[in-house]
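# Working through the structure, step by step
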Amino acid sequence: MKKVLLTLFPLVTVLLMVQGYHQAIYVAPDDAMQGYVFRIIYYHVPSASVAFLFFFISLIGSVGFLAFRRSSPNRAQIADAWALAGAEVGVVFCTVVLTTGPLWGRRAWGIWWTWDARLTTTLVLWLIYVSYLLLRRFAAGPQMQTLAAVLGIFGALDVPIVYMSNRWWRTQHPAPVFGGDQDSGMKDPTMVHALLWNMLAWFCWGMLVLFLRYQVERRHQQYAAIEAREALEASA
Amino acid sequence: MSSTLWTHLAKDLRIEWRSKDAINSMLFFALLVVVLFSISFDPRGAFAQQIAGGVLCVATMFASVSALNQAWAREIRHQVMDAQRMAPASGAELFLAKVLANFLFVSIVQVALAPVFLVMYNLRVAGQAWLLALVLPLGTWALVANGTFFAALAIRSRNRELLLPLILFPIFLPALLGMVQATTSILTGDSDPWLWIKMLTGYDIIFTTVSLLLFDVVFHAE
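Every value quoted in this text rests on a predicted model; they were computed, and no experiment measured them.

### So, the overall build of chain A
- Summing up its helical and strand segments, chain A has six helices and zero strands in all.
- Mapped in sequence order, the helices and strands of chain A form the string α-α-α-α-α-α.
- Evaluated residue by residue, chain A yields a buried proportion of 37% over its 236 residues.
- Here the contacts in chain A between residues at least 6 apart in sequence split such that 76% fall between residues at least 24 apart.

In structure tokens:
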């Protein structure tokens, strides 16, 4: 059953990506104000949501690691693998957001970048998780996992500041597509459909990469455990 | 005030009183940053008013990193840190004592730096000057509380001195933004700094609470 799912899911993901691309490039109409370049939204917004979701998964993993690290080491290792995978894949998606954003902004606003609240805070979020990955590289052994989990929690604390800042501060970035005020968001249903298809496709793609990264990290942990045991037996 | 906290605080203050290492190095470093910025940007007139707040905050930030690294590095010598770990006292009090001591040091540096700053940038405070006495301590607290926490975290890693700024600055960025915006709006008198003061207060409360809660985890990580 697991095997079937493992082969089926990537297939479904690829199909969804094809459908998402078709919807975004051929079905959805041009934007009344921005024209063709507006289609970048179908990559920008899904990547942003996936990045935020994965940072959230990383937070859950970090909290889980701290909660289980004494009582159940195996669960703690699983949690730590999720924390790492979430942060790493999240950084990749966040990079996509920070790359597509300026490309779009150059055409829509006439500038590559502006130090507006949401842009700045997304950049800050990216910096925080890169520093998280750096810490994981610099520290060693089981204490690294604890330290990384703590930093992960600190990093995640910035996320609500990031998101709320959009509403607290005056901002050049448009109001969110979903859950904004009445004048914001998309009016054309085909546009909304295209966006939803792409959200789904990129979500599945993200989950696939996340899961693979998680599996790699689990293998890595198991290998490290075997090595540690062998070293212990050799010295005994 | 509990006696554990007071003991740690008194010890740190006494060491600093005798050596004056942290304050002297921070003061000189901050002065250097101010001079470097002046040479790089040639601040005059209204432009000086605009960037002065930012330069002051960044100078404080860079200067305090060196002192924060030393704050824990000192404890490693003679296995003091191991003794502190074994002591049946709450790590939160040790942490709070260190934060208070470093807060005091950085504040002294800021007070000493302020006149130099006013002279070199030909500053004239256009807004309500007394608000600076609120903004700077709030920003400094955010810097020192997070900095002390992350210094304790970085000290456990391979290249400790290098790691502290790398993990501290991204987390500190929102507070730096608030601190710079508030200081600038006080100096220029163009806008209302209260939104930023509230934001800084919120940031301080959130991150100090979490630091206090998680300090034992970091301190006893093995």
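Moving on from the model shown.
### Re the overall build of chain B
- When helices and strands are counted, chain B shows eight helices and zero strands.
- Going from N to C terminus, chain B has its helices and strands arranged as α-α-α-α-α-α-α-α.
- Based on the C-alpha atoms only, the size of chain B along its principal axes is roughly 55 × 30 × 30 Å.
- Taken over 222 residues, chain B has a buried fraction of 46%.
- Long-range contacts, defined here as pairs at least 24 residues apart, represent 85% of the contacts in chain B between residues at least 6 apart.

### Focus: the packing of helix H6 (residues 132–154) of chain B against helix H7 (residues 160–188) of chain B
All names here are of chain B.
- Their axes nearest at 9 Å, the elements H6 and H7 cross at an angle of 170°. Taken together, the axis directions place H6 and H7 in an arrangement best described as roughly antiparallel. Listed contacts from H7 to Leu132, Val135, Gly139, Ala142, Leu143, Asn146, Gly147, Phe150, Ala151 and Ala154 of H6 are Arg160, Leu163, Leu164, Ile167, Leu168, Ile171, Phe172, Ala175, Met179, Ala182, Thr183 and Ile186.

### As for the interface of chain A and chain B
- Taken residue by residue, the interface counts 20 residues in chain A and 19 residues in chain B.
- When contributions to the side of chain A that touches chain B are tallied by element, the ones reaching two or more residues are helix H4 (117–138) and helix H5 (141–168) of chain A.
- By residue number, the principal contributor to the side of chain A that touches chain B is H5 of chain A, which donates 10 residues.
- Its residues placed into classes, the side of chain A that touches chain B shows 16 nonpolar, three polar and one charged.

### Focus on the packing of helix H3 (residues 73–108) of chain A against helix H6 (residues 189–235) of chain A
Residues and elements named next belong to chain A.
- Where H3 meets H6, the axes come as close as 8 Å, and the angle between the chain directions of the two elements is 135°. Relative to H6, the element H3 is oriented oblique. The crossing of H3 and H6 is right-handed. Counted together, Gln77, Ala81, Trp82, Leu84, Ala85, Gly86, Glu88, Val89 and Phe93 of H3 and Gly206, Val209, Leu210, Arg213, Tyr214, Glu217, Arg218 and Gln221 of H6 form the full contact between these two elements.
- When its residues are assigned to classes, the contact of H3 with H6 shows nine nonpolar, four polar and four charged.

### Some details on unusual backbone geometry
- Despite not being glycine, histidine 78 of chain B has its phi angle at roughly 60°, a positive value.
- Tracing the chain through its elements places histidine 78 of chain B in the loop between helix H3 (45–76) and helix H4 (80–86).

### Things to note about the nonpolar core
Residue and element names in this part refer to chain B.
- Counting 125 residues, the largest nonpolar core has Ala142 and Leu200 as the members making the most contacts within it.
- Broken down by element, this core gets its largest block of residues, 15 residues, from H6.
- Those residues in contact with alanine 142 that sit more than four places away from it in its chain are Phe172, Ala175, Leu200, Tyr203, Asp204 and Phe207.

### A closer look at the environment of isoleucine 153 of chain A
- Its place among the elements puts isoleucine 153 of chain A in helix H5.
- A tally of 20 C-beta atoms within 10 Å means that isoleucine 153 of chain A is categorised as buried.
- Note: C-alpha distance between isoleucine 153 of chain A and serine 62 of chain A (91 residues apart in sequence) is 6.6 Å.
- Leave out the neighbours within four places in its chain, and isoleucine 153 of chain A touches Leu59, Ser62 and Val63 of chain A together with Val210 and Leu214 of chain B.

### Some words on the environment of alanine 67 of chain B
Residues and elements named next belong to chain B.
- Following the sequence through the fold, alanine 67 ends up in helix H3.
- Among the residues examined, alanine 67 registers 24 C-beta atoms within 10 Å and is labelled buried.
- Sequence spacing of alanine 67 and valine 106 is 39 residues, and the spatial spacing of their C-alpha atoms is 8.9 Å.
- Residues within four places of alanine 67 in sequence aside, it is in contact with Ala22, Ser25, Met26, Asn102 and Phe105.

### What to know about the confidence of the model for chain B
Residues and elements named next belong to chain B.
- Counting all residues, the mean pLDDT for chain B is 87, and 100% of those residues have values of 70 or more.
- Per-element averaging of pLDDT across chain B places H4 at the bottom with 84 and H6 at the top with 92.
- Under the prediction, the complex receives an ipTM of 0.84, its pTM being 0.85.

Thresholds, definitions, all that
- Residues numbered from 1 in each chain as written.
- Chains lettered and ligands numbered in written order.
- Predicted model: local features only at pLDDT ≥ 70, side-chain atom pairs only at ≥ 80, totals over all residues.
- Helix = DSSP H or I, 4+ residues; strand = E, 2+ residues; numbered from the N terminus.
- Buried ≥ 20, exposed ≤ 12 C-beta atoms within 10 Å, placed from the backbone.
- Contact = placed C-beta atoms within 7 Å.
- Axes fitted to C-alpha atoms, helices over the stretch in contact; angles between N-to-C directions.
- Parallel < 35°, antiparallel > 145°, perpendicular 65-115°, else oblique.
- Nonpolar A, V, L, I, M, F, W, Y, C, P; charged D, E, K, R; others polar.
- Left-handed = near helix turned anticlockwise from the far one by under 90°.
- Core = buried A, V, L, I, M, F, W, Y, C linked by C-beta atoms within 7 Å.
- pLDDT = per-residue confidence, 0-100.

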